[in-house]
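Take a look at the letters that make up each chain.
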Amino acid sequence: MTAAQAVETVFRIESARIIAGVARIVRDIGIAEEIAQDALVAALEQWPESGVPEKPGAWLMATAKHRAVDLVRRKETYARKLAEVGRTLEDVPPPAEPAGPQDIDDDLLRLIFTACHPVLATDARIALTLRLMGGLTTQEIARAFLTSESTVAQRIVRAKRALAKAGVPFEVPYGADRDERLSSVLEVIYLIFNEGYAATAGEDLVRPALCEDALRLARVLAALMPKEPEVHGLAALLEFQASRINARTGPDGEPVLLADQNRSRWNRLLIRRGIEAMGRAGSGPYSVQAAIAGCHADAVRYEDTDWTTIAALYGRLVQLVPSPVVELNRAVAVSMAQGPQAALAIVDALAQEPALRAYHLLPSVRGDLLRRLGCRAEARAEFERAASLTRNARERALLLGRAAEASET
């Protein structure tokens with residue numbers, strides 16, 4: 001790995017913590033992100049000659065914080081700002097990298113709750129936090145939103161301006177204010193995890209660092225809000241999903257379908273944590289999704305999966321959060337419980353949904369149903385269409401392989 005590649009990799013992992021740490025000093029998320037980018041540029045200039053530091057994340061954090069302090073000094077309000085952040089700031093060493101799954105910088109919580117302030121529209125809160133917390137590009141966020149890159153870029157720019165104009169404090173709120181922001185915070189964590197669990201673009205199917213960050217945030221929120229059932233529901237869902245990550249890819253990084261996964265590679269500790277969190281979950285959307293994931297975790301073999309219960313749970317989820325994506329997932333469960341013909345009717349009814357026109361999983365699911373019904377030529381066409389829609393190289397290869405298999409006699 002070259003120094004430049006190391007810089008990009010480390011920054012992708014550490015950017016949220018750097019932005020959060022700097023935002024606590026400058027009290028402006030937009031400026032904090034710019035300073036973090038300055039630290040990235042400094043690393044790109046220095047590391048090729050000096051070599052990658054022993055603790056590259058700490059190096060980037062220290063560089064960004066020093067620049068933040070310099071900026072504060074140059075402002076007329078320096079004395080007041082310095083009093084807020086402490087006169088010994090420069091003498092404080094950069095924070096150590098998290099030692100374990102429970103160890104997460106409080107600044108990250110401040111960052112996510114600040115970005116989810118009600119002064120912003122819901123879509124803007126989620127887009128901004130995905131950008132800051134997940135380090136996602138506008139392209140990746142647009143894919144998650146099923147919308148255009150220009151729309152996402154405008155949301156992010158306007159969100160930063162709105163937070164600065166409103167003078168939103170960089171803090172974890174309490175009481176009703178915290179409850180008001182919770183739904184957006186949960187959705188952001190969920191989307192960050194999903195991007196790590198099934199990357200929308202690039203050469204890798206899985207981005208474990210994003211999953212780990214989302215899982216840590218979910219655990220911290222569960223500790224912060226022990227009486228909020230949906231927080232525990234989300235935590236349970238992510239624990240169950242994370243338990244399967246090691247089995248989702250083969251030796252060369254190729255995707256492994258759920259039916260073919262080696263379940264001995266599923267992380268039993270995470271499954272136990274998921275079961276514990278389910279004991280405190282409720283009946284909201286994340287809790288229902290956690291129950292679905294729990295059904296998969298309960299099955300020792302793929303053939304043991306309780307698809308009837310899963311289909312019923314998806315039916316309940318559709319009522320809670322009507323969505324064509326949820327309905328598509330329900331169709332998969334119905335196909336396993338009642339057969340492909342029953343599910344095909346559901347999938348065909350989704351064909352005209354605008355949000356799914358560029359969604360590769362729609363033709364992928366339809367292709368699988370047609371394959372099981374013996375319609376090989378039609379199945380191949382659907383798999384090829386799905387391959388043309390995905391931006392992930394690993395998924396594309398899998399779908400093209402399935403297209404080739406469908407045409408075999």
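A brief look at the structure comes next. (Residues numbered from 1 in each chain as written. Predicted model: local features only at pLDDT ≥ 70, side-chain atom pairs only at ≥ 80, totals over all residues. Heavy atoms only, no water.)

In this section: the overall build of the protein chain. Assigned secondary structure in the protein chain consists of 19 helices and 2 strands. For a compact globule of 409 residues, the expected C-alpha radius of gyration is about 22 Å, and the protein chain comes in at 23 Å, within 12% of that figure. Referenced to the eigenvectors of the C-alpha coordinate spread, the extents of the protein chain come out at roughly 75 × 50 × 40 Å. The buried share of the protein chain, taken over its 409 residues, is 50%. Once local pairs closer than 6 in sequence are excluded, the contacts in the protein chain between residues at least 24 apart make up 66%. For the protein chain, the accessible area works out to roughly 19,200 Å², and carbon and sulfur atoms hold 51% of it. Both charge centroids of the protein chain, one from 50 positive and one from 53 negative side chains, sit 2 Å from each other. (Helix = DSSP H or I, 4+ residues; strand = E, 2+ residues; numbered from the N terminus. Rg over C-alpha atoms; globule rule 2.2 N^0.38 Å. Buried < 20%, exposed > 50% of the residue type's maximum accessible area, 1.4 Å probe, protein only. Contact = heavy atoms within 4.5 Å. Areas by Shrake-Rupley, 256 points an atom, 1.4 Å probe, with all protein chains shown as cover. Lys, Arg positive; Asp, Glu negative; His and termini not counted. Charge placed at Lys NZ, Arg CZ, Asp CG, Glu CD.)

Another aspect to go through is the side chain of Thr 305. Among the secondary structure elements, Thr 305 is positioned in the loop between helix H13 (285-298) and helix H14 (307-320). Looking at Thr 305, its side chain comes within polar contact range of the main-chain oxygen of Tyr 302, at 2.7 Å. (Polar contact = N/O pair within 3.5 Å; in protein donor to acceptor, adjacent residues only side chain to side chain.)

The next thing to look at is the nonpolar core. In this structure, Val 26, Ile 112, Ile 189 and Leu 238 are the most contacted members of the largest nonpolar core, which totals 91 residues. Element by element, the count of residues in this core is highest for helix H1 (residues 3-26), at 12 residues. Among the nonpolar cores identified, the runner-up in size contains 33 residues, and Ile 346, Val 347, Tyr 359 and Val 365 belong to it. (Core = buried A, V, L, I, M, F, W, Y, C linked by side-chain atoms within 4.5 Å.)

Close approach of charged atoms allows side chains with opposite charge to pair. Applying the stated criterion across every chain yields a total of 18 salt bridges. A salt bridge links Asp 107 to Arg 110; the shortest N-O distance between them is 2.6 Å. Of the two residues, Asp 107 and Arg 110 are both situated in helix H5 (residues 106-115); the distance of 3 residues between them amounts to about one turn of the helix. Note on Arg 110: relative accessible area 25%, which makes it partly exposed. For Arg 155, the salt bridge goes to Asp 123, with nearest N and O atoms at 3.6 Å. Placement of Arg 155 in helix H8 (residues 149-166) and of Asp 123 in helix H6 (residues 122-134) is noted, with a sequence separation of 32 residues between them. (Salt bridge = Lys/Arg side-chain N within 4 Å of Asp/Glu carboxyl O.)

Let us look at unusual backbone geometry. Outside of glycine, negative phi angles account for most residues, and trans bonds account for most peptide bonds. In this structure, Arg 27 is a non-glycine residue whose phi angle is positive, near 60 degrees. Residue position: Arg 27 is located in the loop between H1 and helix H2 (29-50). Classification of Arg 27 as partly exposed rests on a relative accessible area of 33%.

Attention now goes to the side chain of His 117. Relative to the assigned elements, His 117 resides in the loop between H5 and H6. Judged by relative accessible area, which is 17%, His 117 ranks as buried. With residues near it in sequence (within four places) discarded, His 117 still touches Arg 125, Leu 163, Val 168 and Arg 181.

So, about the packing of helix H9 (residues 175-197) against helix H11 (residues 229-242). Closest axis-to-axis distance for the H9/H11 pair is 11 Å, and the angle between their directions is 5 degrees. Judged by the angle between their axes, H9 and H11 are roughly parallel. In contact with Leu 182, Leu 186, Ile 189, Tyr 190, Phe 193 and Tyr 197 of H9, H11 contributes Glu 230, Val 231, Leu 234, Leu 237, Leu 238, Gln 241 and Ala 242. Looking at the contact of H9 with H11 residue by residue, the class counts come to 11 nonpolar, 1 polar and 1 charged. (Axes fitted to C-alpha atoms, helices over the stretch in contact; angles between N-to-C directions. Parallel < 35°, antiparallel > 145°, perpendicular 65-115°, else oblique. Nonpolar A, V, L, I, M, F, W, Y, C, P; charged D, E, K, R; others polar.)

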